Amino acid sequence: MDKDFREEFTEVIKFTPPLYKQRYQFVKDLVEKYKPKKVADLGCADCRLLWMLKFCSCIEVLAGLDICASVMKEKMHTLSPLPVDYLQPSERSLTVTLHHGSIAHKDPCMLGFDLVTCIELIEHLEESELKKFPEVVFGFMAPSMVVISTPNSEFNPLLPGVVLYRHPDHKFEWNQAQFQSWALDTAKCYDYSVEFTGVGHPPPGMENVGFCTQIGVFVRKYPQTSESLPSEEHPEAVYKTVFKAVYPSLKDEKYLQNAVVSEVIFTAQNIKHHLMSKLEKDDDDDPERKSRVQPSVDYFPDYLRKLVVDQTLEPFVSGNEVCIPLVTIFSFPKVNRLCGTFEKLCKLIAGKVPLSSDGSAVVFNTEHE
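Quick summary incoming for the structure in this document. Treat the numbers as computed from the prediction; the structure is a model and nothing was measured. (Residues numbered from 1 in each chain as written. Predicted model: local features only at pLDDT ≥ 70, side-chain atom pairs only at ≥ 80, totals over all residues. Heavy atoms only, no water.)

## As for the overall build of the protein
If you tally the helices and strands in the protein, you get twelve helices and twelve strands. In the protein, which comprises 369 residues, the proportion classed as buried is 45%. (Helix = DSSP H or I, 4+ residues; strand = E, 2+ residues; numbered from the N terminus. Buried < 20%, exposed > 50% of the residue type's maximum accessible area, 1.4 Å probe, protein only.)

## Considering the packing of aromatic side chains
Under the definition given, this model contains 14 aromatic pairs. Centre to centre, the rings of Trp 51 and Phe 55 are 5.0 Å apart; their planes meet at 80°, and the pair counts as edge-to-face. Overall, the relative accessible area of 41% leaves Trp 51 in the partly exposed class. Centroid distance Phe 138 to Tyr 192: 5.1 Å. Interplanar angle 85°. Geometry classified as edge-to-face. With Phe 138 in helix α6 (residues 127–141) and Tyr 192 in strand β6 (residues 192–199), the pair connects residues that are 54 residues apart, well separated along the chain. (Phe/Tyr/Trp six-rings, centres within 6.5 Å; stacked < 30°, edge-to-face > 60°.)

## As for the sheet that holds strand β7 (residues 213–220)
Read from one edge to the other, the open sheet built from eight strands follows the order β6-β7-β5-β4-β1-β2-β3-β8, with strand pairing classed as mixed. A strand with exactly one partner marks an edge of an open sheet, and here the two such strands are β6 and β8 (240–246). For this sheet the average axis-to-axis angle between neighbouring strands, irrespective of direction, equals 15°. Sitting on the sheet, α6 touches β1 (38–42), β4 (115–119), β5 (145–151), β6 and β7, and the angle it makes with β5 is about 160°. (Pairing = 2+ DSSP bridges. Axes fitted to C-alpha atoms, helices over the stretch in contact; angles between N-to-C directions. Contact = heavy atoms within 4.5 Å.)

## Points about helix α12 (residues 342–349)
All buried positions along α12 are accounted for by Leu 345, Leu 348 and Ile 349. Burial along α12 is one-sided: seen end-on, the buried residues are contained in an arc of 85°. Opposite the buried face of α12, at more than 90 degrees from it, the exposed residues are Glu 343 and Lys 347. Trailing α12 by a residue or two, Gly 351 shows a phi angle of about 80°, which is positive. (Arc of directions from axis to C-beta.)

## Some points on a nonpolar patch on the surface
Residues Val 163, Leu 164 and Tyr 165 make up a contiguous nonpolar surface patch of about 340 Å² in total accessible area. With respect to the secondary-structure elements, Val 163 resides in the loop between β5 and α7 (176–189). Using a relative accessible area of 81% as the deciding quantity, one classes Val 163 as exposed. (Patch = residues over 30% accessible without salt bridge, like charges linked within 9 Å, V, L, I, M, F, W, Y side chains within 5 Å. Areas by Shrake-Rupley, 256 points an atom, 1.4 Å probe, with all protein chains shown as cover. Salt bridge = Lys/Arg side-chain N within 4 Å of Asp/Glu carboxyl O.)

## As for unusual backbone geometry
Residue Pro 17 is reached from Thr 16 by a cis peptide bond, and omega for that bond is -5°. Counting through the fold element by element, Pro 17 comes out in the loop between α1 (3–10) and α2 (19–34). Phi is positive for Cys 47, close to 70°, though the residue is something other than glycine. For Cys 47, the position within the fold is in the loop between β1 and α3 (48–53). On the accessibility criterion, Cys 47 (1% relative accessible area) is buried. Even without glycine at this site, Asp 191 takes up a positive phi of about 60°. By secondary structure assignment, the location of Asp 191 is in the loop between α7 and β6.

## Some thoughts on the pattern of salt bridges
Side-chain pairing between opposite charges can occur once the charged atoms of the two side chains come close. Applying the stated criterion to the full structure yields eight salt bridges. Among the salt bridges present, the one from Lys 106 reaches Glu 135, with a minimum N-O distance of 3.3 Å. Taken together, the residues span a long stretch of sequence, with Lys 106 in the loop between β3 (95–100) and β4 and Glu 135 in helix α6 at a distance of 29 residues. Relative accessible area serves as the criterion here: at 23%, Lys 106 is assigned to the partly exposed category. Lys 334 is the salt-bridge partner of Glu 263, the closest N and O atoms lying 3.6 Å from each other. Of this pair, Glu 263 sits in helix α8 (residues 253–285) while Lys 334 sits in helix α11 (residues 333–339), and the two are 71 residues apart along the sequence. Classification of Lys 334 as partly exposed rests on a relative accessible area of 41%.

## Focus on α6
The end-to-end C-alpha distance of α6 is 20 Å, a good match for the 21 Å that 15 residues give at a rise of 1.5 Å each. Turning to α6, its buried residues number three or more, namely Leu 130, Phe 133, Pro 134, Val 136, Val 137, Phe 138, Gly 139, Phe 140 and Met 141. Where α6 is buried, its residues meet β1, β4, β5, α7, β6 and β7. Of the residues flanking the end of α6, it is Ala 142, one or two places downstream, whose phi is positive at about 45°. (Expected span 1.5 Å × (residues − 1).)

## Thoughts on the environment of Phe 140
Its location among the elements puts Phe 140 in helix α6. Residue class for Phe 140 comes out buried when judged on its relative accessible area of 6%. Discounting residues that sit within four places of it in the chain, Phe 140 has contacts with Lys 106, Asp 107, Pro 108, Leu 111, Glu 135 and Pro 235.

## As for the state of the cysteines
Under the criterion given, the structure shown has zero disulfides. Summary of cysteine pairing: Cys 56 is not part of a disulfide, and the nearest cysteine sulfur, belonging to Cys 58, is at 5.7 Å. On the basis of relative accessible area, Cys 56 is assigned to the buried category, the value being 5%. Free cysteine Cys 339: the closest other cysteine sulfur is in Cys 346, separated by 8.8 Å. (Disulfide = S-S within 2.5 Å.)

## Things to note about the pairing of β4
With five of five residues buried, β4 lies mostly within the body of the structure. The sheet contact formed by β1 and β4 spans three bridges and is parallel. Paired with Asp 41 across the strands is Thr 117, a residue of β4. Pairing analysis gives five bridges linking β4 to β5, with the strands arranged parallel. The residue bridging Ile 119 from the neighbouring strand is Ser 149, located in β5. Handedness of the crossover joining β4 and β5 through α6 is recorded here as right-handed. (Right-handed = clockwise from strand over helix to strand, strands pointing away.)

Here it is in structure tokens:
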């Protein structure tokens, strides 16, 4: 590389967005494309990538592993459920777990993952750890996909202040040929294919330098079956769990019941509000109305009218009570989606919502809004 040309770019290389965000976005895009349910991040450090991935609706299990427990503990609170997660539980289940341990060791808690990410990890490994890394990740864990990113040493001369390695803890940094050689050998040994890409484009005219961060995406060639699993017994657990969060989910009967009860009451109150508003207007026009009123569907706005017309039962007022049939409430899309069946609706709201004596309608007192 021409020295003058290199120095011309040494002070102007700046990545937007920052390089670490580009790496995380690469993983997120991959997740959104392939929809893995179980994802593990090895070398998760401050948990930024895990925090980003917890918002991906396809993921049901997230796990992080790092050799430094203090770094994880400092930021692990960001992975805890928020109050809104309890107020509006998701339809999916989500469990997030952090483990303290070394990637050089096998632990059964890391089995069964669809995607394993190793973002800027391997360059921190000692030689002995790097030798064990392929067997642990590709042989033992054997996920469907592995993403490995590592610095491209050919890019280093363009980065200001970089003399040997980009970080004092790096044990090595590979050029493109070295990384690709290691990755291809590893993929061949464990029946994976691998494709190479990266983030952090070089300046125009210096494309041969390659990406600032080089990335290998490994995909297992054959689906894992019971025959292909290692015959040896699983090793004993060696990682220490330092954090675990189970997010509220509508798959949990408790949270589902709360959501259904709230939606039923909200829907019934909404119908009651429109009904009473119309009846109060009619009372002003005709003070000698009967105490029992069966309203016309014309009393409801368009989005309610169709739902009520689709059923033979309409809401009605009897004395000081408003009765809204459960069949009508079940017609509303959100209630229907939450419950699935009318029988389940009845089961979930039993004892939680005021019902008529025969249990066919929600009953409200007109004297209490």
